[in-house]
Amino acid sequence: QVQLVESGGGLVQPGGSLRLACAGSGRTFSTYAMGWFRRAPGKEQVFVATISGGGSTYYTDSVKGRFTISRDNAKNTVYLQMNSLKPEDTAVYYCAAMRGTRWGPIAAQRVYEYDYWGQGTQVTVSS
């Protein structure tokens with residue numbers, strides 16, 4: 001069992017930055033691949049970024065060059081650094097954990113491949 005708690009959301013102006021954090025429980029955290037998803041108002045939950053247990057990363061096209069996913073296994077935490085934020089980045093952001101044997105760029109984009117989810121943190125980009 002892995003419990004995930006997101007933090008770091010808030011209100012930011014266009015062009016600004018935020019860093020989201022997702023703290024996980026359990027001694028096997030490093031064996032899980034991690035992902036960030038988001039759900040905008042009235043829209044489906046969509047993939048944002050993923051990082052494998054070994055540190056490989058993959059991003060959706062709309063955030064490439066602006067967002068960076070990273071992990072600190074000693075702290076059981078995964079981060080999402082978000083720069084050059086746009087109003088269309090406004091959403092509830094969720095982190096999720098996947099048992100590492102299934103990870104790959106395609107599988108990591110699928111909501112149903114993840115085993116555990118956090119409660120979400122709101123990010124609002126507005127002037």
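I will try to describe carefully the structure that is included in this document.

Calculation criteria
Residues numbered from 1 in each chain as written. Predicted model: local features only at pLDDT ≥ 70, side-chain atom pairs only at ≥ 80, totals over all residues. Heavy atoms only, no water. Phe/Tyr/Trp six-rings, centres within 6.5 Å; stacked < 30°, edge-to-face > 60°. Helix = DSSP H or I, 4+ residues; strand = E, 2+ residues; numbered from the N terminus. Buried < 20%, exposed > 50% of the residue type's maximum accessible area, 1.4 Å probe, protein only. Salt bridge = Lys/Arg side-chain N within 4 Å of Asp/Glu carboxyl O. Contact = heavy atoms within 4.5 Å. Pairing = 2+ DSSP bridges. Axes fitted to C-alpha atoms, helices over the stretch in contact; angles between N-to-C directions.

What about the packing of aromatic side chains?
- Applying the stated criterion to the full structure yields six aromatic pairs.
- Taking 5.1 Å as the distance between ring centres and 85 degrees as the angle between the ring planes, the aromatic pair formed by Phe-37 and Tyr-114 counts as edge-to-face. Separated by 77 residues along the polypeptide, Phe-37 in strand 4 (residues 32-39) and Tyr-114 in the loop between strand 9 (91-99) and strand 10 (116-117) bring together distant segments of the chain.
- For Tyr-114, a relative accessible area of 6% corresponds to the buried category.

Comments concerning the pattern of salt bridges
- Counted by the stated rule, this structure contains seven salt bridges.
- Arg-102 serves as the salt-bridge partner of Asp-115, at 3.0 Å between the closest nitrogen and oxygen. With Asp-115 in the loop between strand 9 and strand 10 and Arg-102 in the loop between strand 9 and strand 10, this residue pair connects regions lying 13 residues apart in the sequence.
- Here Asp-115 falls in the partly exposed class, since its relative accessible area comes to 26%.
- Note on Arg-102: relative accessible area 32%, which makes it partly exposed.
- The network of salt bridges with shared partners includes Arg-99, Arg-102, Arg-110, Glu-113 and Asp-115.

Re the side chain of Thr-121
- Within the secondary structure, Thr-121 is located in strand 11 (residues 121-125).
- Other than its neighbours up to four places away in sequence, Thr-121 contacts Glu-6, Ser-7, Gly-8, Gly-9, Leu-20, Ala-91, Val-92 and Tyr-93.

Digging into the sheet that holds strand 8 (residues 77-82)
- Strand order in the open sheet made by the four strands is 1-3-8-7, with antiparallel pairing throughout. Looking at which strands have only one partner, the edges of the open sheet turn out to be strand 1 (4-7) and strand 7 (67-72). Averaged over all pairs of adjacent strands, the angle between their axes in this sheet comes to 15 degrees, without regard to strand direction.
- Judged from the six bridges that link them, strand 3 (residues 18-24) and strand 8 form a sheet pairing that is antiparallel. If you follow Ala-23 over to strand 8, its bridge partner there is Thr-77.

Some details on the environment of Gly-53
- Note that Gly-53 resides in the loop between strand 5 (45-51) and strand 6 (57-59).
- As a C-alpha pair, Gly-53 and Thr-101 span 48 residues in sequence and 9.6 Å in three-dimensional space.
- With residues near it in sequence (within four places) discarded, Gly-53 still touches Ser-30, Tyr-32, Ala-33, Arg-71 and Asn-73.

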